[in-house]
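Chain by chain, the residues:
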Amino acid sequence: MKKVLMVAEKSSLATSLAQILSNGKCSSRKANNNCPVHEWSGQFRNQTVLFRMTSVCGHVMSLEFAGKYNSWDKVDPIELFGCPTEKKEANPKLHMNSYLAQEARGCEHLVLWLDCDKEGENICYEVMAAVAHVIHNIYSRNITYRAHFSAITEKDIKSAMETLGYPNENEAKSVDARQELDLRIGCAFTRFQTKFFQGRYGDLDSTLISYGPCQTPTLGFCVKRHDDIQTFKPESFWYLQLKAGEPEFNFDWARVRLFKREIATMLMNLVKQQKEALVESVVSKEQFKGRPQALNTVELMRICSAGLGIGPFQAMQIAERLYTQGYISYPRTETNQYPANFDLKAVLHILKSSSEFGSEAQVILGDFNPPRKGKDAGDHPPITPMKLATRADFDGDTWRIYDFICRHFLGTISKDLKYRTTTVKLRVGTEMFSCVANVLIDPGFTKVMTWQAFARDDPIPPFVEGQKITINDVRLAENQTSPPDYLTEAELITLMEQHGIGTDASIPVHINNICQRNYVTIGSGRKLIPTTLGIVLVHGYQKIDPELVLPTMRSEVESMLNLIAKGSANFNAVLEHAIDIFRLKFLYFVKNIASMDSLFEVSFSPLAETGKAHSRCGKCRRYMKYIQSKPARLHCSHCDETYSLPNNGTVKFYREFKCPLDEFDLLVFSTGAKGRSYPFCPYCYNHPPFRDMPKNAGCNSCTHPTCPHSLNSLGISGCVECEHGILVLDCTITPSWKLVCNRCDVIINCFKGATKVTWRKDNQLWQITQIKRYRYEKENSMAVLIKPIALNTSALSAFVFRRLCQTAKNDNES
């Protein structure tokens, strides 16, 4: 029987697809990397075949610099614009290439179920490359097929299976081009900026001073609004307030406001001379507020931020989960118009059983209104509910987003909101005043989209045209113009969409990045408030080369990438042209960096004036200063040297111990009582003394032959989880003892109550002394009491290891 390999983008999606395509009759198994494999028999191209469905975990490959070019210290950033790159596995631990090849053995066809966007097309070609040596002639249209779908429903999936196509190579290449541009440009600017400014200032509080072709213009929008606020000068204005009639109504001045007090006062005096006002007109007419257009990604992110208080990055993560679980259609789409053949009533029938909005769905079924026309971007249908859920099915935020999507869909096929507006215009001398009253006629779509509900009805003025009414009061009021507020996430998303910064998939990532880099903070109402670092960076770019921060440069690059996607431009020509532009800009930026540095000098403190005395330098024996703000560093002002430290933990002095190689005081890095900890020498951490010692490693990776803190002295055995790690005895927080892997996050708490634990390397023996007791928590009984005894390594593995590993998992969930 022939075999067909099918690959989805996520394991949850693979499970859903297999259930639908096999009618729930597939067998399942787990692979070594925890990706599910589902198998069943079925028809394919008029033959009975064995289907094998599995998945990747996003991109199989990632683009990286080759060899030495990954080193910040050995390579001038300008070389990154022309150095070789290579594709490497995006997550080496998953061994995805070998896994796909293994599952492809014996298969004659490949069917790709990746997300239907440009990134999905790119992953298609990554999967094809991974199995090319196993499935013969993989790039043939008779061997490889592409499924196109927008929702995880039986109808959509089975329809996609019947109308298989082929991956779009041009769209895949446009993603390759974007990846290479972002890698070369972002890394060159980021490496230069980070090394330059972190080597001069101590309170930047950011691990990276990053630049991104999309990220930086995104920050530029936020800083521009900040600048508008700071430069705003309030201006006084005056306006007339009129009260007239019985019953009394307030009337608004037709001039709205004047910025000259003398003129406003003169006009007020003229009005005060009149005792009555003439009703010039009374106009009453019906008005409509249109129902919303169908929902696309940008609008979903805007509403989630502005209305639900959920950031765009989190909102899209939730939407992705709802999609893979089959509750909504594909959430990444620019289209807000339903295709003519879309079965809207079928969705209504799904929702009519809901206890939340089912009654509204039932009413709409009986009084159906076609949705408004919008933009058809040619990608996916608008975001639509596909399966009914209840509050109990989700957590709070997930339910709120699902509820919004359902109500928005119902709103798109409801009636428009209808209300009656009555406008009364008065003449008082030479001045005109008006009063407007609104009364609801039909709530329309706001019955289901309750947050847009009509305000309470206004009282209707009982005046008629030509009537004279008494003026009760006239006043001159004063106010001031106010500055704009900080940009909200919703406003920023709109600006990014208008200027072509990012895609519907990457917009939330860019906003999240400027938050994580400490360039902006999130204020109340999801407002984006730039930090000092973000402001100085943007102002620095503006002084050197404004195009680096303006949206025009990125939108032009996106236009070129779109030409690749459409097959209208040559991949290499576009790539070389864009790289050449940014190479020249980088050279100019480096040459004029002093202009940006002058701004940093005003806002940040030099390294020598930052931090507090901590430990001694091995060169001059003077105390170095410990700078705790990100990134953590030690700075010796006498030697003018700076040493990077481990981040995301605490660094403390280690009992007067010194490194035998360089005389620097040893330090201890710790992530807490239940976390990992290890000693390290600040000089060796930055300048590894041995070829087999990685950079930014502690004594637990040092191969010094005699140092009592080194791997050679305290290393026990290979790690139980990772391939290359070694379990090292952690003596830094005695009387607690730990075995800590020097590569991964495995931590084993052991030898509780021991006053001394030593490793006798000469005859490969453990020596454990004065252990008081050890409780084996899983069985809630006492383990064997270990008296002073010697155990060889195999005995440790067989006896102590099993008990200690299990107890460690109970103790700290490692």
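Residues numbered from 1 in each chain as written. Predicted model: local features only at pLDDT ≥ 70, side-chain atom pairs only at ≥ 80, totals over all residues. Heavy atoms only, no water.

### Observations regarding the overall build of the protein
- The number of helices and strands found in the protein is 21 helices and 32 strands.
- If you line up the protein on its principal axes, its C-alpha atoms span 115 × 80 × 65 Å.
- In the protein, which comprises 814 residues, the share counted as buried stands at 49%.
- Considering only contacts within the protein whose residues lie at least 6 apart along the sequence, 66% involve residues at least 24 apart.
- If the 97 positive side-chain charges of the protein are averaged to one point and the 86 negative ones to another, these points end up 5 Å apart. (Helix = DSSP H or I, 4+ residues; strand = E, 2+ residues; numbered from the N terminus. Buried < 20%, exposed > 50% of the residue type's maximum accessible area, 1.4 Å probe, protein only. Contact = heavy atoms within 4.5 Å. Lys, Arg positive; Asp, Glu negative; His and termini not counted. Charge placed at Lys NZ, Arg CZ, Asp CG, Glu CD.)

### As for the environment of K652
- Checked against the element boundaries, K652 lands in strand β21 (residues 650-658).
- Linking K652 and F669, residues 17 residues apart in sequence, is a C-alpha distance of 6.7 Å.
- Not counting residues within four places of it along the chain, the set of residues in contact with K652 comprises H614, L667 and V668.

### A few points about the sheet that holds strand β22 (residues 665-670)
- Here we have 3 strands laid out as an open sheet, ordered β21-β22-β23, and antiparallel in their pairing. Looking at the sheet topology across the chains shown, the edges are occupied by β21 and β23 (677-680). Neighbour to neighbour, the strand axes of the sheet diverge by 25 degrees on average, direction disregarded. (Pairing = 2+ DSSP bridges. Axes fitted to C-alpha atoms, helices over the stretch in contact; angles between N-to-C directions.)

### Some remarks on the packing of aromatic side chains
- Within this structure, the stated rule accounts for 37 aromatic pairs.
- On the numbers, 3.9 Å between centres and 15 degrees between planes, the contact of F197 with F600 is stacked. Of this pair, F197 sits in helix α5 (residues 169-198) while F600 sits in helix α18 (residues 593-603), and the two are 403 residues apart along the sequence.
- Residue classification places F197 among the buried positions, given a relative accessible area of 0%.
- You can call F600 buried: its relative accessible area is 0%. (Phe/Tyr/Trp six-rings, centres within 6.5 Å; stacked < 30°, edge-to-face > 60°.)

### Here we look at the side chain of S354
- Its place among the elements puts S354 in the loop between α10 (344-351) and α11 (358-366).
- A polar side-chain atom of S354 sits 3.3 Å from the main-chain amide nitrogen of F357.
- The contacts of S354, once residues within four sequence positions are left out, are S359 and L388. (Polar contact = N/O pair within 3.5 Å; in protein donor to acceptor, adjacent residues only side chain to side chain.)

### Topic: the sheet that holds strand β8 (residues 144-146)
- Pairing within the open sheet is mixed, and its 6 strands lie in the order β2-β3-β4-β1-β7-β8. Across the chains shown, the open sheet's two edge strands, defined by having one partner strand only, are β2 (27-30) and β8. Direction aside, the axes of adjacent strands within the sheet are offset by 25 degrees on average.
- Looking at chain direction, strand β7 (residues 109-113) and β8 are connected through 3 bridges and run parallel. When the bridges of β8 are listed, V111 appears paired with Y145.
- Those strands touched by helix α4 (residues 154-162) are β1 (2-8), β3 (36-44), β4 (47-55) and β7, and its axis lies near 145 degrees from that of β7.

### Remarks on unusual backbone geometry
- In this chain, E246 is followed by P247 through a cis amide linkage whose omega measures 5 degrees.
- Of note, P247 is situated in the loop between β9 (236-244) and β10 (249-253).
- Cis geometry is found at the peptide bond from K630 to P631, where omega equals -10 degrees.
- Positive phi values are uncommon outside glycine, yet R45 reaches one of about 55 degrees.
- With respect to the helices and strands, R45 occurs in the loop between β3 and β4.
- Under the relative-accessibility criterion, R45 is labelled partly exposed at 41%.

### Re helix α16 (residues 551-565)
- Counted at 1.5 Å a residue, the expected span for α16 with its 15 residues is 21 Å, and the 21 Å between its end C-alpha atoms agrees.
- Structurally, α16 contributes buried residues whose contacts are with α3 (118-131), α5, α6 (215-231) and α17 (571-591).
- Within two residues after α16, G567 carries a phi angle of roughly 80 degrees, on the positive side. (Expected span 1.5 Å × (residues − 1).)

### Quick word on the packing of helix α1 (residues 11-21) against α4
- For the pair α1 and α4, the least separation of the axes is 10 Å and the interaxial angle reads 80 degrees. With respect to each other, α1 and α4 are oriented roughly perpendicular. Of the residues in α4, those in contact with L17, I20 and L21 of α1 are E154, I157, K158 and M161.
- Across the contact of α1 with α4, the residue classes break down as 5 nonpolar, no polar and 2 charged. (Parallel < 35°, antiparallel > 145°, perpendicular 65-115°, else oblique. Nonpolar A, V, L, I, M, F, W, Y, C, P; charged D, E, K, R; others polar.)

### Some words on α1
- Inspection of α1 places L13, A14, L17, A18, I20 and L21 among the buried residues, and these make up the whole buried set. Down the axis, α1 shows its buried residues gathered within 165 degrees of arc, on one side only.
- Of the surrounding secondary structure, the elements contacted by the buried residues of α1 are β1, β3, β4, β7 and α4.
- Following α1 by one or two positions, N23 has its phi on the positive side, about 55 degrees. (Arc of directions from axis to C-beta.)

### Quick look at the pattern of salt bridges
- With the rule as written, the count across this model stands at 41 salt bridges.
- K10 is the partner of E320 in a salt bridge, and the nearest nitrogen-oxygen pair spans 3.8 Å. With E320 in helix α9 (residues 312-324) and K10 in the loop between β1 and α1, this residue pair connects regions lying 310 residues apart in the sequence.
- With relative accessibility at 11%, the residue E320 sits in the buried group.
- Across the pair D73 and K195 runs a salt bridge whose closest N-O atoms are separated by 3.9 Å. Within this pair, whereas D73 is found in the loop between β5 (61-65) and β6 (85-89), its partner K195 is found in helix α5, the two being separated by 122 residues in sequence.
- In this structure K195 comes out as partly exposed when scored by relative accessible area, which is 43%. (Salt bridge = Lys/Arg side-chain N within 4 Å of Asp/Glu carboxyl O.)

### A closer look at the UniProt feature "domain: Topo IA-type catalytic" (unreviewed entry) in the protein
- UniProt marks residues 168-587 with the feature "domain: Topo IA-type catalytic" (unreviewed entry), using the numbering shown here.
- Across residues 168-587 one finds 43% helix and 17% strand; the C-alpha atoms that close the span lie 36 Å apart. (UniProt positions renumbered as here; feature names shortened; annotations may be inferred.)

### Let's talk about the side chain of D115
- Locating D115 in the fold gives a position in the loop between β7 and α3.
- Reaching out from D115, the side chain makes a polar contact with the side chain of K10 at a distance of 3.4 Å.
- Not counting residues within four places of it along the chain, the set of residues in contact with D115 comprises E9, K10, L13, G120, E121, R146, E320, Y323 and Y330.

### Section: the packing of helix α15 (residues 532-544) against α18
- For the pair α15 and α18, the least separation of the axes is 8 Å and the interaxial angle reads 150 degrees. Looking at the two axes, α15 sits roughly antiparallel to α18. Seen along the crossing, α15 lies across α18 with a hand that is right-handed. Counted together, T532, L533, V536, L537, H539, G540, Y541, K543 and I544 of α15 and I593, S595, M596, S598, L599, F600 and S603 of α18 form the full contact between these two elements.
- Broken down by class, the residue content of the contact of α15 with α18 amounts to 9 nonpolar, 6 polar and 1 charged. (Left-handed = near helix turned anticlockwise from the far one by under 90°.)

### Observations concerning the confidence of the model for the protein
- On average, the protein scores 88 in pLDDT, and the residues at 70 or more come to 92%.
- Of the regions scoring below 50 in pLDDT, residues 761-814 engages in 102 contacts with residues more than four places distant in sequence or in other chains. (pLDDT = per-residue confidence, 0-100.)

### A look at the environment of V56
- Of note, V56 is situated in the loop between β4 and β5.
- Distance in space between the C-alpha atoms of V56 and C35 is 7.4 Å, their sequence separation being 21 residues.
- In this structure, V56 is in contact with V7, A8, E9, K10, S11, M96, L100, L114, I123 and V127, ignoring residues within four places of it in sequence.

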